[in-house]
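Read off the chains here:
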Amino acid sequence: MTFGNGTFVAVASGGPGVLAMASANGTSWTAGTTSQSTKEWTSAVYANGQFVAVSDDTINEMAMVSPDGITWTSRTSAADNTWTSVTYGGPSGSELFVAVSSDGTGNRVMTSPDGITWTSRTSAADNQWRSVTYGGPSGSKLFVATSRTGSGNRVMTSPDGITWTGRTSAANINWVSVTYGGPGGSELFVAVADNGTGNGVMTSPDGITWTSRTPAADNAWTSVTYGGPTGSELFVAVAYSGTGTRVMTSPDGITWTIRTSAADNSWQTVVYGGLAGSKLFVAVAGSGTGDRVMTSPDGIT
């Protein structure tokens, strides 16, 4: 899920032929249409005036683009890999869409200047890469990707999305989501894992050196983001396990507090966005009946 151009957009990995939906407020949703309605879409981002999504279905045309989140057009991916995450960033004037994959031989990254034409890139290792983001201190921003597998190298970084370097992860657990944010002057990368015992969070000020942190509970944390009302910003993470405890928040990425989730669904992704005056956190789930979205103005309620 992502937010851009005044619209929340979510993509799905299964369903009766409708694998995208869009909302202006996070509450009322409109189904999207795509010719690739049987694919399993895993991740979406908004940049350069369009939404771009990737799929893990490994049968070509594993990318799609949309101007509004409703009408989608399929694009040919650089390789028939299991694409798990896509983001946008890079040096000024050389920005790229960057996607990572959990399979492939030496080609688990692909990049595109426009979301249409994709090029394979050599990943730092053939790990199961699950998440990628862009951020960092001014003057040293970089792409950071995290992985479910690997021996001490479950992070890789790149200044441009093209050349990648392996980094030492804080622990050899399933790192499935990474973001960048935090209070001014104390920003950092934060990653969460869907396993681990007392070490399911790790943080880094630069994407290179990582430190284990204790989550609020040893749940299967699936997604983390940063946002909130001015002066009350938080990291918010969601999980697919736990009884009434499938949300946790942190003001700094280091100390975490459990929050009561709206339902014990399999929460997959959380983002922050919205129009001025009505911004909110929105999470989507892979389970539940008629309640696979939950919203919060502050990340707490």
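Before reading on, note that the structure itself is shown above.
Thresholds, definitions, all that
Along each chain, the written sequence defines residue order, and numbers are assigned to residues from 1. Local features in a predicted model are, by the rule used here, given only for residues with pLDDT of at least 70; side-chain atom pairs are given and counted only at 80 or more, and totals for whole chains, interfaces and linings are based on all residues. In computing side-chain values, all of the structure's heavy atoms are included and hydrogens and water are not. Strands are labelled as partners when DSSP assigns at least two bridges between them. The helix and strand labels rest on DSSP assignments: H or I over at least four residues marks a helix, E over at least two residues marks a strand, and numbering proceeds from the N terminus. Helix axes are fitted to C-alpha atoms over the stretch in contact, other axes to C-alpha atoms as well, and angles between N-to-C directions run from 0 to 180 degrees. Only Phe, Tyr and Trp rings are paired, with Trp represented by its six-membered ring, and only when their centres lie within 6.5 Å; those with planes under 30 degrees apart are stacked, over 60 edge-to-face, the remainder tilted. For every residue, the accessible area (1.4 Å probe, protein chains only) is compared with the maximum for its type, and the residue is labelled buried under 20%, exposed over 50%, or partly exposed between those bounds. Note on terminology: a nonpolar core comprises buried Ala, Val, Leu, Ile, Met, Phe, Trp, Tyr and Cys residues joined through side-chain atoms within 4.5 Å. Salt-bridge detection follows one rule: a side-chain nitrogen of Lys or Arg within 4 Å of a carboxyl oxygen of Asp or Glu. What qualifies as a polar contact is a pair of N or O atoms within 3.5 Å, subject to a donor-acceptor requirement within protein and to the restriction that residues adjacent in sequence count only when both atoms come from side chains. We call two residues in contact whenever any of their non-hydrogen atoms come within 4.5 Å of each other.

Caption draft 1: Expanded view of the sheet that holds strand S9 (residues 83-89). Within the open sheet, the four strands sit side by side as S9-S10-S11-S12. Their pairing is antiparallel. In this open sheet, the two edge strands, each paired with only one partner strand, are S9 and strand S12 (119-121). Taking each pair of neighbouring strands and ignoring which way they run, the sheet shows an average axis angle of 25 degrees.

Caption draft 2: Seen up close, the packing of aromatic side chains. This structure, assessed with the given rule, holds 10 aromatic pairs. With 4.7 Å between their ring centres and 55 degrees between their planes, Phe3 and Phe8 make a pair best called tilted. Judged by its relative accessible area of 0%, Phe8 is buried. Relative to Trp164, the ring of Phe143 lies with its centre 6.4 Å away and its plane at 45 degrees, an arrangement referred to as tilted. Within this pair, whereas Phe143 is found in strand S14 (residues 142-147), its partner Trp164 is found in the loop between strand S15 (155-158) and strand S16 (165-167), the two being separated by 21 residues in sequence. With respect to burial, Phe143 and Trp164 carry one shared label: buried. Grouping aromatic residues by their ring pairs yields a cluster made of Tyr134, Phe143 and Trp164.

Caption draft 3: A look at unusual backbone geometry. In the Ramachandran plot, Asn5 falls in the positive-phi region, its phi being about 55 degrees despite a non-glycine side chain. Using a relative accessible area of 53% as the deciding quantity, one classes Asn5 as exposed. If you check the backbone angles, Asn48 has positive phi at about 55 degrees while not being a glycine. Among the secondary structure elements, Asn48 is positioned in the loop between strand S5 (41-47) and strand S6 (50-55).

Caption draft 4: Structural view of the pairing of strand S21 (residues 221-227). Within S21, seven of the seven residues are buried, which leaves it mostly tucked inside the rest of the structure. Pairing geometry for S21 and strand S22 (residues 234-239), over six bridges, is antiparallel. Looking across to S22, one finds that Trp221 is bridged to Ala239. Linking S21 to S22, which pair antiparallel, is a turn of six residues; within it Gly228 sits at a positive phi near 130 degrees.

Caption draft 5: Spatial organisation of the nonpolar core. Of all hydrophobic cores here, the largest spans 14 residues; its most connected members are Trp83, Ala99 and Trp118. Where this core is concerned, the elements lending two or more residues are S5, S6, strand S7 (63-66), S9 and strand S10 (96-101).

Caption draft 6: Structural view of the pattern of salt bridges. Taken as a whole, this structure holds three salt bridges when the rule is applied. For the salt bridge of Asp126 with Arg108, the shortest nitrogen-to-oxygen distance reads 3.7 Å. Of this pair, Asp126 sits in the loop between S12 and strand S13 (129-135) while Arg108 sits in the loop between S10 and strand S11 (109-112); the two residues are 18 residues apart in sequence, bridging distant segments of the chain. By relative accessible area, Asp126 is classed as partly exposed at 38%.

Caption draft 7: A look at the sheet that holds S14. With antiparallel pairing, four strands are arranged side by side in an open sheet as S13-S14-S15-S16. With partners counted over all chains shown, the strands left at the sheet margins are S13 and S16, one partner each. Going across the sheet, the axis of each strand differs from the next one's by a mean of 25 degrees, ignoring polarity. Across four bridges, the pairing between S14 and S15 is antiparallel. By the bridge assignment, Thr146 is partnered in S15 with Val155.

Caption draft 8: Inspection of the side chain of Ser296 at higher detail. Within the secondary structure, Ser296 is located in strand S27 (residues 293-296). At 3.0 Å, the side chain of Ser296 and the side chain of Asp298 are in polar contact. Residues within four places of Ser296 in sequence aside, it is in contact with Leu280, Phe281 and Thr301.

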